[in-house]
There are 8 protein chains.
Amino acid sequence: MTTREMLEKVERHEISIEEAERFFKDAPYEDLGFAKLDLHRQARSGFPEVVYCMGKEDPYLAAIYERLYRENGKVLGTRASAHQAEIVKAVLPGAEYDPVSRLLKVQDPELKEEKTGCVAVCSAGTADLYVAEEAAGTAEYLGANVVRIYDVGVSGIHRLLSKIDEIRKANCVIAVAGMEGALASVIGGLVENPVIAVPTSVGYGANFGGLSALLTMINSCANGIATVNIDNGYGAGYIATQINRLAV
Amino acid sequence: MTTREMLEKVERHEISIEEAERFFKDAPYEDLGFAKLDLHRQARSGFPEVVYCMGKEDPYLAAIYERLYRENGKVLGTRASAHQAEIVKAVLPGAEYDPVSRLLKVQDPELKEEKTGCVAVCSAGTADLYVAEEAAGTAEYLGANVVRIYDVGVSGIHRLLSKIDEIRKANCVIAVAGMEGALASVIGGLVENPVIAVPTSVGYGANFGGLSALLTMINSCANGIATVNIDNGYGAGYIATQINRLAV
Amino acid sequence: MTTREMLEKVERHEISIEEAERFFKDAPYEDLGFAKLDLHRQARSGFPEVVYCMGKEDPYLAAIYERLYRENGKVLGTRASAHQAEIVKAVLPGAEYDPVSRLLKVQDPELKEEKTGCVAVCSAGTADLYVAEEAAGTAEYLGANVVRIYDVGVSGIHRLLSKIDEIRKANCVIAVAGMEGALASVIGGLVENPVIAVPTSVGYGANFGGLSALLTMINSCANGIATVNIDNGYGAGYIATQINRLAV
Amino acid sequence: MTTREMLEKVERHEISIEEAERFFKDAPYEDLGFAKLDLHRQARSGFPEVVYCMGKEDPYLAAIYERLYRENGKVLGTRASAHQAEIVKAVLPGAEYDPVSRLLKVQDPELKEEKTGCVAVCSAGTADLYVAEEAAGTAEYLGANVVRIYDVGVSGIHRLLSKIDEIRKANCVIAVAGMEGALASVIGGLVENPVIAVPTSVGYGANFGGLSALLTMINSCANGIATVNIDNGYGAGYIATQINRLAV
Amino acid sequence: MTTREMLEKVERHEISIEEAERFFKDAPYEDLGFAKLDLHRQARSGFPEVVYCMGKEDPYLAAIYERLYRENGKVLGTRASAHQAEIVKAVLPGAEYDPVSRLLKVQDPELKEEKTGCVAVCSAGTADLYVAEEAAGTAEYLGANVVRIYDVGVSGIHRLLSKIDEIRKANCVIAVAGMEGALASVIGGLVENPVIAVPTSVGYGANFGGLSALLTMINSCANGIATVNIDNGYGAGYIATQINRLAV
Amino acid sequence: MTTREMLEKVERHEISIEEAERFFKDAPYEDLGFAKLDLHRQARSGFPEVVYCMGKEDPYLAAIYERLYRENGKVLGTRASAHQAEIVKAVLPGAEYDPVSRLLKVQDPELKEEKTGCVAVCSAGTADLYVAEEAAGTAEYLGANVVRIYDVGVSGIHRLLSKIDEIRKANCVIAVAGMEGALASVIGGLVENPVIAVPTSVGYGANFGGLSALLTMINSCANGIATVNIDNGYGAGYIATQINRLAV
Amino acid sequence: MTTREMLEKVERHEISIEEAERFFKDAPYEDLGFAKLDLHRQARSGFPEVVYCMGKEDPYLAAIYERLYRENGKVLGTRASAHQAEIVKAVLPGAEYDPVSRLLKVQDPELKEEKTGCVAVCSAGTADLYVAEEAAGTAEYLGANVVRIYDVGVSGIHRLLSKIDEIRKANCVIAVAGMEGALASVIGGLVENPVIAVPTSVGYGANFGGLSALLTMINSCANGIATVNIDNGYGAGYIATQINRLAV
Amino acid sequence: MTTREMLEKVERHEISIEEAERFFKDAPYEDLGFAKLDLHRQARSGFPEVVYCMGKEDPYLAAIYERLYRENGKVLGTRASAHQAEIVKAVLPGAEYDPVSRLLKVQDPELKEEKTGCVAVCSAGTADLYVAEEAAGTAEYLGANVVRIYDVGVSGIHRLLSKIDEIRKANCVIAVAGMEGALASVIGGLVENPVIAVPTSVGYGANFGGLSALLTMINSCANGIATVNIDNGYGAGYIATQINRLAV
């Protein structure tokens, strides 16, 4: 309902002033006291709210999962600990936890959703796996088909080149790399579609917690690359799925 | 032509070894001595090579424009100076220069191209204009319809909110902001499609040449945001057009 | 007593040279050996000295609490651990500890104090709660009425807008945010009174322990914003109460 | 007019839907094309919009001054160049330019305004003068009485101590300092009211453009200090006047 | 023995070529395999070698203490753990350990040494104590009389001013401060003799492990200040004693 | 086999298209699923792949060691923990672990390899030992004779000068130093052959995890110095052995 | 006159209250409006106030020189431009300007002062000369004999070693170096007396305006080194002369 | 002549004490007053001293060129300006200046030197040319054959791959790149011999004057890479020639 439609209803007495006032002033969130749940996010953005689990206390986390599950029939949490997985499973036994990506998912089995399009997740080294899997799992949860291409760092460029045809088919490529993070630039020069670069904190010394890879990706000489935060596999999976969704 | 097709041609003597060798070894660029022009980029990426003018010496620049124009019928240059515009106009009189965006374009009038889809370019302040226009001009050159929404910084949030319906219609939103760069987060929370954030070096003091806005955007709490380099309007326009192209 | 008044008393022999000497040279603190307690701070600043508990050894902490309680009838400590709370309760059984804000308060029940005015404490996410509560608890201890408005981060701007009338009534607004810290700028553009911004270390990756939010707030494009140290809820509560006190 | 009042008017047909729609959607700014002027800011914040002159092109600047002058009867611009002062004087002959603070003011002589309260502006060295004067001039324009106390850096602490009684009388103290920026901490320990700290870029070597003074002020061990951006005299003057206004 | 004297001895056959060769090539250290002990340092610098204990493995540490004790009759170690103190006491029962300064000293009781001159050690807060004590203990071990003046941070300037006559008597003042580190500048403006500034890592938030205090001290506007590394109480005690030694 | 040779074979039907396709497309690595082992690296670079153990999970590490041992008859791992050493010894009992360098080596006793040339490894302090030993052990594993010269930091320059003839004989010198890292510059000025500088994270305060030593080495005023990452003894040993190999 | 003496005078009516009040409140500076001249500094610190010329406007500079010359019979200014030298010569024809050190001195020829002791100024490269000369000229002006030892950087260590006997005779050594700044550490290990290290901004690339040399010096592994700001030759000359003065 | 040989000569009276003293104390440099020329460097390092021209004053530069030319028959200067080239040509008419590399060379035509071995200089973009040419020109001057492979940045990886056979033949590869600097990692994975990485300051935004490329190269995941300072083409050419010299 647009602003105009609402105002016309008020003029025609089809809606009470109180209801209209709520439309304009009370935004569509639910206030749990400790948090304001954005229940209409799916309507607004096409994706339901995702829970950032790290640091959330046990009873709060359980309550949030329950409430969102009731609303949407499915919930995804990121950065969940094994302990948090147990807490959520106690209230939602169908919850599934992946210790590599630290994703904690629950989905009503009735809820049938088709995956569409294709997102490619490439990672430079085996140590970047946990970020790559967070990206891949997020994209799958949000509805994209995902192809995983791991351990294709630029110090052995033939590994990447041997997979390039597969990568080129994706609507969006996620490039995950730590250390010097050069993977995104090389992929950017080889594919036609957008590349979302994810620096990781993998490395040591002058890596400075991922700053090195972040600067590499932000300064990339290749076209068609944009970057998300260090270790932010979730963020990459989200925007890649937005892009993939536009393409299908 | 794929690797396999080429090898079958060699086996059937349809192509000489010399030609095949060139296919595998000599990549499709032209070596001008001072530069290697990537003439097949349009075929590979869907967009022709764009010239980064800053620092290129006059005769080199002219030669590059001429050669690319001959190949593609159109050329775009970024970060061009007024002086460079004169140099290029001397050899390609149809060239057009915009001093705000510093884009230097030339296009064969015969070459008719339809613009498609929609990219929204939002900027926080009037001082961010030169970056916003670089983004907008790039997206238009590469084939996107562009809607410009300028001076909608978050310190007067009503300006942004009054334009939000227009912004929501775009397949991709470019958010350009300097100083604290909060614009991207607010837009990210209001739209359904991907946001490409461009930090600018506008500001002073602890802005540190755009670092402040870059960090803000990279750390954004909103979903669906990825960031390009400081002042990199071109890069944002490029990836936004890739995304827009997928949507149409 | 001013310098002149003191000197006149000396001239009139109303005060001994020794006493006057102490006035000029011996400042009004008590030297416990391990610390110099500023007993006259309430007289000088209107607020009694507050104890920074972190790192203070047990017997020292207990002694400081006892001495200040004897002087002022109330003591506030910040960054106290649960263990330190036990230590202080052993000597001052009325002490109360809040594990979220880590404030450790004790107040003589006889001491009746009215709260005045209004300070609004706004926080961006649930993870910023511990800083927001330190700010709120400090402001209350120092005599201000406090209204708490939590989880109103800019990625869902409607949550903030729905509370804006309440925020506007405060004499001073404290804006607590981590990650990209954009909350302060948006509030700054919406209210008439001063905003004290508190960056938090909440976030990951390129957040760099709160540096990202600090730079955002320092570079804010909005008017009427000044910033305190990362996670310094106490400092924000203190200056907000000074401002609130001026208004009533 | 509140949301409710507007809706009641619509229900009672006292206002047309079109007008109401504009109330909700069209925020009170004027779109000049190159900028969106916030004409209702005085109503909203109590202070009219101030113009950041740096980088604004001549015709735009003149147009903005004219439009704001027509609306409010007075205009203040910051970071104006001598050249810009000439441009504005050509259209508004009463404009006055101060080359130290770089403030460019114009005010209708009919417009009589009383200054109220007191803001003290203290600066550490003579080189910090231009920032101190920007702060002082801003506070005066916005309606505060200002007392200036300059060249009282901590390396000769007796200069500051000799002025402390005067400083203590202010409702808000602005402490301007470059190099190591210690002035704010010392003042913070001596006064009862809030201190707004302004780091300046004055210094050399490891000063890093004011970063050193900024960090000093943000990390201050004294209570009651909040900090604005490096060289941001305007921002300090603004918030100090907000505080001063609350006190009177 | 100078170069010339040695050569004359060789010419006069008073010394064998082998001995002379050793004079020129083999420097006066003892190679323990895992370390090269600088046994002649006392002769060269006036002070014996001091042991940096942190990270040294148990048997190595014991061996180094024993060897140096045999040579010099006394040993000082810095950054020693309680465990290391036990290790050393097992071989040198007279060793004494101070858990605050983490100094581990042993001295032959026969070895009578007079302390001379005066070094003042001032610290800003109680949390800086461990660094201040490292400085004080080092200076005492190396032969200086030390006066300790603690908890005189600049946020309560009267505490420092009440002690200034005592501080002025020292040949060298050590100023120890964390957080914003302003103490050194204020002392520098009040005394005649050199000030050695020691930033500490005490603080939080934008303190960045002592960087804030380091920058403050390096950028000090006062004369007569030089700075050592963050938390380097030992280094300050050493150079202060060198200066004190020159004065007596 | 060069590209041309392969193509000639295809033309002469000496090789099937499938085999040739694999030559061009399938690079010589083995995909274990969790990792892509570069089995042909010895052929390509002259050195077999080395395993970075840190963070590799137990079964993966064991599998990688086994597979590489089968291929090359020897394996080197870096940054191995004592636990990982046990895991590998369980499958390859001949494995040897050095807790200082954290190198985990296994080599078929049949495999006789001569060491050649000479690499000198110099370190500044005893705390740099673990990095120096990683460099030395790597160089030995890859085939170089190594001379170790430890504890020759520049604060006692005679120790270094007494060893300089020995150092000068090496084909390549590795200079390992933490704190201020000045060792590389001094050695660089004294030797004829290349110096590989390794900054270490040894130090405290403004050392910033080795950044200080890294900047020192990168900015060295001496000729013939290039730098590897902080604590990267392995990287230094590798390139030094490449250089040494060229010399013999 | 001490506080006690003053108070006794007041009691005995030997001094009026007004005079005493001035003693306590009005510190001994002269307020020129634009600056507060510290006329009693010579009495307080043993050295007269030195003028930092950079950025001072012409009439102010001339007035300051005149006033200080009248008071002390001599004036030193640092960072003076050639233009400023002309300005000062116009009012004080005896002024002398040195374009390398940028020192601008004037001294009454009647004023006979003996130089005492010895300060050694060592510099690493010829490009560091301007800082070294600022240090040397300052020390001479303040009363020290100075020996200059230039171009003795550590990349050719024999140059430094050949001069070491001369350096060892100084009461204090100033070590001036840019690039990697290793000179201070090497000298620190060779001399008995304190070393004041001055990093310079000489260098390029990762030198970051002298940060590299600053970190090197602050992290020095040698004893007896303290550091002043980048390019702060004046500061080094000042403290070195304080130390030298103690020794004579 | 070794230390022993010299001592034996003294014993046998074949050399006077004075001469021997000079051997030990007076190092083989020539003191021009403003500089200490290292005339024996060719003997010591195999390469003559190279002049860093930037900032050297005209008469000094001319004197240094003349003196070194007299000694060695050839001189190389780096970072020379066109003006400096004229100054040197005035005294040494055979001098040759290259404005791209800013190298200023002069060589006695009689002096015939063979170039040996091979150094490959690869650069990422045309803007890196000036650094690449400094490296190439230095290597040629010092005696290496050089092959130049320019504009082979990783965003068009086929350009690099088409040249890889040529690159592999070099004894040492210099990889010059700005922006994100990924070139070194890719080359490192493709060649057998050492790679010297040179970050350049080419780029903008978060490039931070070459810091981004420096961090990339220092953190490279490839083996066999060591890094020199930003824009330090000379340093790379020097060490590459040392390596090349070992190989021939």
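Since the structure is predicted, the reported quantities are computational estimates derived from the model, not experimental observations.

## Regarding the side chain of Glu 180 of chain E
Consideration 1: Positionally, Glu 180 of chain E belongs in the loop between strand 9 (172–177) and helix 9 (183–188).
Consideration 2: Buried and without a salt bridge, Glu 180 of chain E has Arg 159 of chain E as its closest oppositely charged side chain, separated by 9.7 Å.
Consideration 3: Among the polar contacts made by the side chain of Glu 180 of chain E, one reaches the side chain of Ser 185 of chain D at a distance of 2.3 Å.
Consideration 4: At a separation of 3.2 Å, a polar atom in the side chain of Glu 180 of chain E contacts the main-chain amide nitrogen of Cys 221 of chain D.
Consideration 5: Among all residues touching Glu 180 of chain E, those that are not within four sequence positions of it are Ser 185, Thr 216, Asn 219, Ser 220 and Cys 221 of chain D together with Val 154, Ser 212, Ala 213 and Thr 216 of chain E.

## Here we look at the packing of aromatic side chains
Consideration 1: The tally for this structure, following the rule as stated, stands at 24 aromatic pairs over all chains.
Consideration 2: With 6.1 Å between their ring centres and 15° between their planes, Tyr 52 of chain C and Tyr 204 of chain E make a pair best called stacked. One end of the pair, Tyr 52 of chain C, is in strand 3 (residues 51–52); the other, Tyr 204 of chain E, is in the loop between strand 10 (195–199) and helix 10 (211–218), on a second chain.
Consideration 3: Between Lys 74 of chain C and the ring centre of Tyr 141 of chain C, over which it is positioned, the NZ or CZ distance is 4.4 Å.

## Details of the interface of chain C and chain D
Consideration 1: Residue-level contacts link 30 residues of chain C with 30 residues of chain D.
Consideration 2: Roughly 2600 Å² of surface becomes buried between chain C and chain D when both sides are summed, with 55% attributable to carbon and sulfur atoms.
Consideration 3: Of all residues in chain C, Ile 218, Asn 223 and Leu 246 of chain C bury the most surface against chain D, accounting for 24% of the area lost on that side.
Consideration 4: On inspection of chain C and its partner chain D, the count reaches zero salt bridges.
Consideration 5: Put simply, chain C and chain D have nine residue pairs in polar contact (both at pLDDT 80 or more) between them.

## Some points on the pairing of strand 4 (residues 74–78) of chain D
Regular strands show a simple pattern: their side chains alternate between the two faces of the sheet.
Residue and element names in this part refer to chain D.
Consideration 1: For strand 4, the tally of buried residues reaches five of five residues, placing the bulk of the element in the interior.
Consideration 2: The pairing of strand 3 (residues 51–52) with strand 4 spans two bridges and is parallel. Looking across to strand 4, one finds that Val 51 is bridged to Gly 77.
Consideration 3: Where the polypeptide runs from strand 3 across helix 4 (residues 58–72) and back to strand 4, its parallel neighbour, the crossover connection is right-handed.
Consideration 4: In the sheet, strand 4 pairs with strand 6 (residues 103–107) via four bridges, with the strands oriented antiparallel. Considered in strand 6, the bridge of Gly 77 is made with Leu 104.

## Things to note about the relation of the copies chain C and chain D
Consideration 1: Superposing chain C onto chain D takes a rotation of 180° combined with a translation of 0.0 Å along the rotation axis, leaving an RMSD of 0.1 Å. Taken together, the turn and the small shift mark the pair as related by a two-fold rotation axis.
Consideration 2: Interface residue correspondence from chain C to chain D reaches 100%, placing this contact among same-surface, isologous pairings.

## A few points about the sheet that holds strand 4 (residues 74–78) of chain F
Residues and elements named next belong to chain F.
Consideration 1: Read from one edge of the open sheet, four strands run 3-4-6-5, paired in mixed fashion. A strand with exactly one partner marks an edge of an open sheet, and here the two such strands are strand 3 (51–52) and strand 5 (96–98).
Consideration 2: The sheet contacts of helix 4 (residues 58–72) involve strand 3, strand 4 and strand 6 (103–107), and relative to strand 4 the element is tilted by about 145°.

## Considerations on the packing of helix 10 (residues 211–218) of chain B against helix 10 (residues 211–218) of chain C
Consideration 1: Running from N to C, helix 10 of chain B and helix 10 of chain C point in directions that differ by 125°, and their axes come no closer than 9 Å. Put simply, helix 10 of chain B runs oblique to helix 10 of chain C. The handedness of the crossing between helix 10 of chain B and helix 10 of chain C is left-handed. Facing Ser 212, Leu 215 and Thr 216 of chain B of helix 10 of chain B, the residues of helix 10 of chain C in contact are Ser 212, Leu 215 and Thr 216 of chain C.
Consideration 2: Here the residues of the contact of helix 10 of chain B with helix 10 of chain C are counted per class, giving two nonpolar, four polar and no charged.

## Quick look at the sheet that holds strand 5 (residues 96–98) of chain H
Consideration 1: Overall, mixed pairing links the four strands, which are arranged 3-4-6-5 (chain H) in an open sheet. The strands lining the two open edges of the sheet, one partner per strand, are strand 3 (51–52) and strand 5 of chain H.

## Remarks on the environment of Gln 84 of chain H
Consideration 1: Following the sequence through the fold, Gln 84 of chain H ends up in helix 5 (residues 82–91).
Consideration 2: Along the sequence, Gln 84 of chain H and Leu 104 of chain H sit 20 residues apart, while their C-alpha atoms lie 8.7 Å from each other.

## So, the packing of helix 11 (residues 233–247) of chain A against helix 11 (residues 233–247) of chain B
Consideration 1: The interhelical angle for the contact between helix 11 of chain A and helix 11 of chain B, taken along N-to-C directions, is 40°, at an axis separation of 6 Å. Between helix 11 of chain A and helix 11 of chain B, the angle is such that the two are oblique. The way helix 11 of chain A lies across helix 11 of chain B gives a crossing that is left-handed. Taking contact as the criterion, the partners of Ile 243, Leu 246 and Ala 247 of chain A in helix 11 of chain A are, on helix 11 of chain B, Ile 243, Leu 246 and Ala 247 of chain B.
Consideration 2: In the contact of helix 11 of chain A with helix 11 of chain B, the residues fall into six nonpolar, no polar and no charged.

## Looking at the pattern of salt bridges
Consideration 1: Going through the model one piece at a time under the given rule, you end up with 64 salt bridges over all chains.
Consideration 2: A salt bridge links Asp 151 of chain B to Arg 159 of chain B; the shortest N-O distance between them is 3.7 Å.
Consideration 3: A relative accessible area of 5% means that Arg 159 of chain B is categorised as buried.
Consideration 4: For the salt bridge of Glu 71 of chain F with Arg 67 of chain F, the shortest nitrogen-to-oxygen distance reads 3.2 Å. You can see Glu 71 of chain F and its partner Arg 67 of chain F sitting in helix 4, four residues apart, about one turn around the helix.
Consideration 5: With relative accessibility at 12%, the residue Arg 67 of chain F sits in the buried group.
Consideration 6: A network of salt bridges, in which partner residues are shared, links Glu 133, Glu 140 and Arg 148 of chain A.

## So, the domain arrangement of chain A
Residues and elements named next belong to chain A.
Consideration 1: Along its sequence, chain A is organised into domain 1 (3–107) and domain 2 (116–247).
Consideration 2: In this complex, domain 1 contributes 16 residues to the contact, which on the side of domain 2 involves 15 residues.
Consideration 3: It is Phe 47, Arg 79 and Val 100 that lose the most area in domain 1 upon contact with domain 2, and together they represent 38% of the buried surface on that side.
Consideration 4: Counting the contacts that link domain 1 with domain 2 gives one salt bridge.
Consideration 5: Of the charged contacts in the structure, one is a salt bridge between Arg 79 and Glu 134, with a shortest N-O distance of 3.4 Å.

## A word on the pairing of strand 10 (residues 195–199) of chain A
Residue and element names in this part refer to chain A.
Consideration 1: Taken across its five residues, strand 10 has five buried, putting it largely inside the fold.
Consideration 2: Residues Val 195, Ala 197 and Pro 199 line one face of strand 10 and the alternating positions Ile 196 and Val 198 line the opposite face, and both faces are buried.
Consideration 3: In this structure, strand 9 (residues 172–177) lies alongside strand 10, joined through five bridges in parallel fashion. Paired with Ala 175 across the bridge in strand 10 is Ala 197.
Consideration 4: Alignment of strand 10 against strand 11 (residues 225–227), held across three bridges, turns out to be parallel. Residue pairing for strand 11: Ala 197 is matched across the bridge by Thr 227.

## Considering the environment of Leu 103 of chain D
Residue and element names in this part refer to chain D.
Consideration 1: Positionally, Leu 103 belongs in strand 6.
Consideration 2: Leu 103 gets classed as buried once you look at its relative accessible area, which sits at 3%.
Consideration 3: Remark: the alpha-carbon pair of Leu 103 and Val 152, spanning 49 residues in sequence, is separated by 24 Å.
Consideration 4: In contact with Leu 103, other than residues within four places in its own chain, are Leu 76, Gly 77, Thr 78, Glu 96, Tyr 97, Asp 98, Glu 133, Glu 134, Gly 137 and Thr 138.

Definitions and cut-offs
- Residues numbered from 1 in each chain as written.
- Chains lettered and ligands numbered in written order.
- Predicted model: local features only at pLDDT ≥ 70, side-chain atom pairs only at ≥ 80, totals over all residues.
- Heavy atoms only, no water.
- Helix = DSSP H or I, 4+ residues; strand = E, 2+ residues; numbered from the N terminus.
- Buried < 20%, exposed > 50% of the residue type's maximum accessible area, 1.4 Å probe, protein only.
- Lys, Arg positive; Asp, Glu negative; His and termini not counted.
- Salt bridge = Lys/Arg side-chain N within 4 Å of Asp/Glu carboxyl O.
- Polar contact = N/O pair within 3.5 Å; in protein donor to acceptor, adjacent residues only side chain to side chain.
- Contact = heavy atoms within 4.5 Å.
- Phe/Tyr/Trp six-rings, centres within 6.5 Å; stacked < 30°, edge-to-face > 60°.
- Lys NZ or Arg CZ within 6 Å of the ring centre and 35° of its normal.
- Buried area = accessible area lost by both parts, 1.4 Å probe.
- Pairing = 2+ DSSP bridges.
- Right-handed = clockwise from strand over helix to strand, strands pointing away.
- Least-squares fit on C-alpha atoms with pLDDT ≥ 70 in both.
- Axes fitted to C-alpha atoms, helices over the stretch in contact; angles between N-to-C directions.
- Parallel < 35°, antiparallel > 145°, perpendicular 65-115°, else oblique.
- Left-handed = near helix turned anticlockwise from the far one by under 90°.
- Nonpolar A, V, L, I, M, F, W, Y, C, P; charged D, E, K, R; others polar.
- Domains from an automatic or database assignment.

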